[in-house]
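# Chains, contacts and geometry: an overview
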Amino acid sequence: MNQDIEIEDLLEDLVTFRRDIHANPELAYKEVKTAEKVADSLREIGLDVTTGVGKTGVVGSLKVGNSSRSIGLRADMDALPIVEETGLPYASCHHGVFHGCGHDGHTTMLLGAARHLARTRNFDGTVHFIFQPAEEGEAGAKAMIDDGLFERFPCDRVYAFHNWPDLPAGTISTRCGPIMAAADKFSIQVKGKGGHAAVPHQTPDAILAASELVSQLNTIVSRRISPTSTAVLSVTQISGGNSHNVLPSSVSLTGTVRTFDPHVQDLIEAAVRQVITGVSVATGTQISIDYQRYYPATINASVAAEHALMVAKRVGNAVEAPEPAFTSEDFAFMLQACEGAYVWVGQGTSGEHIPLHHPGYDFNDGIIATGVKLHVALVEDFLPSNSGSTQENDLIDHAKQQNVSCCQR
Ligand SMILES: [Zn+2]
Ligand SMILES: [Zn+2]
C-alpha cells in the first residue's frame, strides 16, 4: 500500500480550480457551470461521467481490477445566498452568491483525489466520485438518491468530508453514531382581529399571543425533554404590526428545532403543537403551524467512522470527536441508504476564527492536500489492490475477536 501519497504536483492546479469555482459561485440546483467544469475535468482523466443526476449532480466512476466492491465519495458544489465580504482577489463575481461554506474546497479536494487515483490506480474495485447539488437546505443528496444514485452507482460504503473551522488545519475528526443534527423548521401564523390599540378588549391580541408563544416554546427543551437528551429549539424570526396605535390582525413566527434522536424529535413536535393549542385558547387567537422535518440526523456507521479515524492517522492528526454538532447536513440521506461516515477536516488557522456561513469566511487552500490524501487513503484501504491486510479488515477482525461493535470499545 502506498503509505506516502504524493500529490504535491497537483496542488497548484487544484488551488487555481478552487479559486475559479469560488469566484463563480452558483446557488442550489443552479450549479450548471460548476457541474460542467467538474464533468469536463473528470472526462479529461478518463472517467465514465454521468451528468444531470438529481438535476445538476455529477457522478464520475473509475473501475480498476476485477473486484465487485465499490466506494462512494461525496462532495457538495452549491454556494450560499450571502454577500461576500472577504475582499479577496478571487472574491465572488456574482453579488449575493458566495461560497461561504467551503463547498468550493470540497469539490476541489474530491477532484484532486479523482486525478490522483486515475493516475496511480492503486486499488481494486470501483470508485464513484459523487458531486452533489443543493446541500444548503435544498436536499440535493435526496434528489440524487431519488434519481437512482445508489441503484445506478452501487456503493458498499460512502464517505463525505466537511471543512471545519473549529478544528486546526491538519486535524481530522469524526465519531460513531450521530455527528450532525436533524433539522426541523416551523412557521407559525397567529391571527387576531386587528383594531385600535386603545380598545384592546375588543380584539384578540396577536402580539401578546406571539410573545406568549416565544416564552412557552422556549420551555419545551428545558421542561419537556429529559435532561439526558439533547435538543435545541430557537425562535428566529417574528414579525407583525406597523404602527404604535394599531393592534395587528396577524403576527408570524419562524424557528428551528435540532435533535439527534427521532423519539426526541417526535416529542418536541408534539409539544410545539400542544403549546400552540393552549396559547390559542388562552388568548382567543387562531394559530396555525407549518412544521417540516427537512434533514434527518447524520448518523455514522461505527465501522465506517472507526475506519476513517484509523486511515486518517496516516494523513494527519486523527481525533475522535467528543460530541456531535447541532448544524445539519443532507449527507444524512445518503447514510440512511448506505453504510458510511461524515468526516470533519480541520481548516482553522492561528489567525482570527471565522465560522462557516460568515461573510468573511474562506476555504483554507492549505488543507486541500489533507483532503485529497484522506480520500485516496480511504479508497486504497477499502479497495486494496492485493487482498492483504487492510486497516478496514483489521478493524472488523478486532471487533469480532472482542465481540463488540467498534464504538463500544
Ligand atoms: Zn453550509
Ligand atoms: Zn457546508
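Residues numbered from 1 in each chain as written. Chains lettered and ligands numbered in written order. Predicted model: local features only at pLDDT ≥ 70, side-chain atom pairs only at ≥ 80, totals over all residues. Heavy atoms only, no water.

You'll find the protein entered in an unreviewed UniProt entry as Amidohydrolase, with Paraglaciecola chathamensis S18K6 given as the organism.

So, on to the sheet that holds strand 13 (residues 286–295). With antiparallel pairing, the 4 strands of this open sheet are ordered in space as 10-12-8-13. Each edge of the sheet is formed by a strand with only one pairing partner; in this case those strands are strand 10 (231–239) and strand 13. Taking each pair of neighbouring strands and ignoring which way they run, the sheet shows an average axis angle of 15°. Across 9 bridges, strand 8 (residues 182–191) lies against strand 13 in antiparallel orientation. Opposite phenylalanine 186, over in strand 13, you have tyrosine 291 as the bridge partner. On the sheet, helix 8 (residues 262–283) packs against strand 8, strand 10, strand 12 (250–259) and strand 13 and is oriented at approximately 165° with respect to strand 13. (Pairing = 2+ DSSP bridges. Helix = DSSP H or I, 4+ residues; strand = E, 2+ residues; numbered from the N terminus. Axes fitted to C-alpha atoms, helices over the stretch in contact; angles between N-to-C directions. Contact = heavy atoms within 4.5 Å.)

What follows is about the UniProt feature "binding site: Mn(2+)" (unreviewed entry) in the protein. Mapped onto the present numbering, the UniProt feature "binding site: Mn(2+)" (unreviewed entry) falls at Cys101, His103, Glu136, His162 and His357. On the basis of their most widely separated C-alpha atoms, the annotated residues across 257 residues gather in one place, lying no more than 13.0 Å apart. Mapped onto the elements of the fold, cysteine 101 is located in the loop between strand 3 (70–76) and helix 3 (103–120). Inspection of the secondary structure assignment puts glutamate 136 in the loop between strand 4 (125–132) and helix 4 (140–146). When its relative accessible area of 19% is taken as the criterion, glutamate 136 is described as buried. (UniProt positions renumbered as here; feature names shortened; annotations may be inferred. Buried < 20%, exposed > 50% of the residue type's maximum accessible area, 1.4 Å probe, protein only.)

Attention now goes to the domain arrangement of the protein. Taken domain by domain, the protein holds domain 1 (8–179 + 297–402) and domain 2 (182–295). Computed from C-alpha atoms alone, the centre-to-centre distance between domain 1 and domain 2 is 38 Å. When the buried surface of domain 1 facing domain 2 is broken down by residue, Ala297, Phe326 and Ser328 rank first, second and third, together holding 59% of it. In this assembly, domain 1 and domain 2 are joined by 0 salt bridges. Between the two partners, domain 1 and domain 2, sit 5 residue pairs in polar contact (both at pLDDT 80 or more). In terms of residue class, the side of domain 1 that touches domain 2 is made up of 9 nonpolar, 3 polar and 5 charged. (Domains from an automatic or database assignment. Buried area = accessible area lost by both parts, 1.4 Å probe. Salt bridge = Lys/Arg side-chain N within 4 Å of Asp/Glu carboxyl O. Polar contact = N/O pair within 3.5 Å; in protein donor to acceptor, adjacent residues only side chain to side chain. Nonpolar A, V, L, I, M, F, W, Y, C, P; charged D, E, K, R; others polar.)

To continue, consider the coordination of the zinc ion (ligand 2). Surrounding the zinc ion (ligand 2) are the protein donor atoms Cys101 (SG), His103 (NE2) and His162 (NE2), which sit 2.1 to 2.3 Å from the metal. When the donor residues of the zinc ion (ligand 2) are listed from N- to C-terminus, their spacing reads C-x1-H-x58-H. A separation of 3.1 Å is found between the zinc ion (ligand 2) and the zinc ion (ligand 1), both of which receive a donor from cysteine 101. On the criterion of sequence distance, the pair formed by cysteine 101 in the loop between strand 3 and helix 3 and histidine 162 in strand 5 (residues 157–168) is long-range, its members being 61 residues apart. Residue class for histidine 162 comes out buried when judged on its relative accessible area of 3%. (Donors = N, O, S within 2.8 Å, 3.2 Å for Na, K, Ca; no water.)

Turning our eyes to something else, we now look at the nonpolar core. By size, the foremost hydrophobic cluster in this structure holds 55 residues, and its most contacted members are Phe129, Phe131 and Leu374. With 9 residues, the single largest contributor to this core is helix 11 (residues 368–382). Excluding anything up to four places from it in sequence, leucine 374 contacts Phe161, Ile172, Val311, Ala312, Val315 and Val343. Grouped together as the second largest cluster of nonpolar side chains are 24 residues, Ala206, Ala210, Ile225 and Val264 included. (Core = buried A, V, L, I, M, F, W, Y, C linked by side-chain atoms within 4.5 Å.)

Inspection of the secondary structure assignment puts valine 235 in strand 10. Here valine 235 falls in the partly exposed class, since its relative accessible area comes to 24%. Sequence spacing of valine 235 and valine 214 is 21 residues, and the spatial spacing of their C-alpha atoms is 6.8 Å. Non-local contacts of valine 235, meaning those with residues more than four positions away in its chain, are made with Phe186, Val214, Leu217, Asn218, Leu253, Thr254 and Gly255.

Below, the discussion takes up the coordination of the zinc ion (ligand 1). Distances from the zinc ion (ligand 1) to its protein donors, Cys101 (SG), Glu136 (OE), Glu136 (OE) and His357 (NE2), fall within 2.0 to 2.8 Å. Seen from the zinc ion (ligand 1), its 4 donor atoms lie at angles of 51 to 149°, and the figure they make is irregular. Donor residues binding the zinc ion (ligand 1) come from one chain and are separated in sequence as C-x34-E-x220-H. (Tetrahedral: all angles 85-135°; square planar, octahedral: opposite > 155°, others 65-115°.)

All right, on to the side chain of serine 61 then. Inspection of the secondary structure puts serine 61 in strand 2 (residues 57–64). Classification of serine 61 as buried rests on a relative accessible area of 13%. In terms of polar contacts, serine 61 uses its side chain to reach the side chain of histidine 128, at 2.8 Å. When neighbours within four sequence positions are excluded, serine 61 is seen to be in contact with Leu47, Asp48, Val127, His128 and Phe153.

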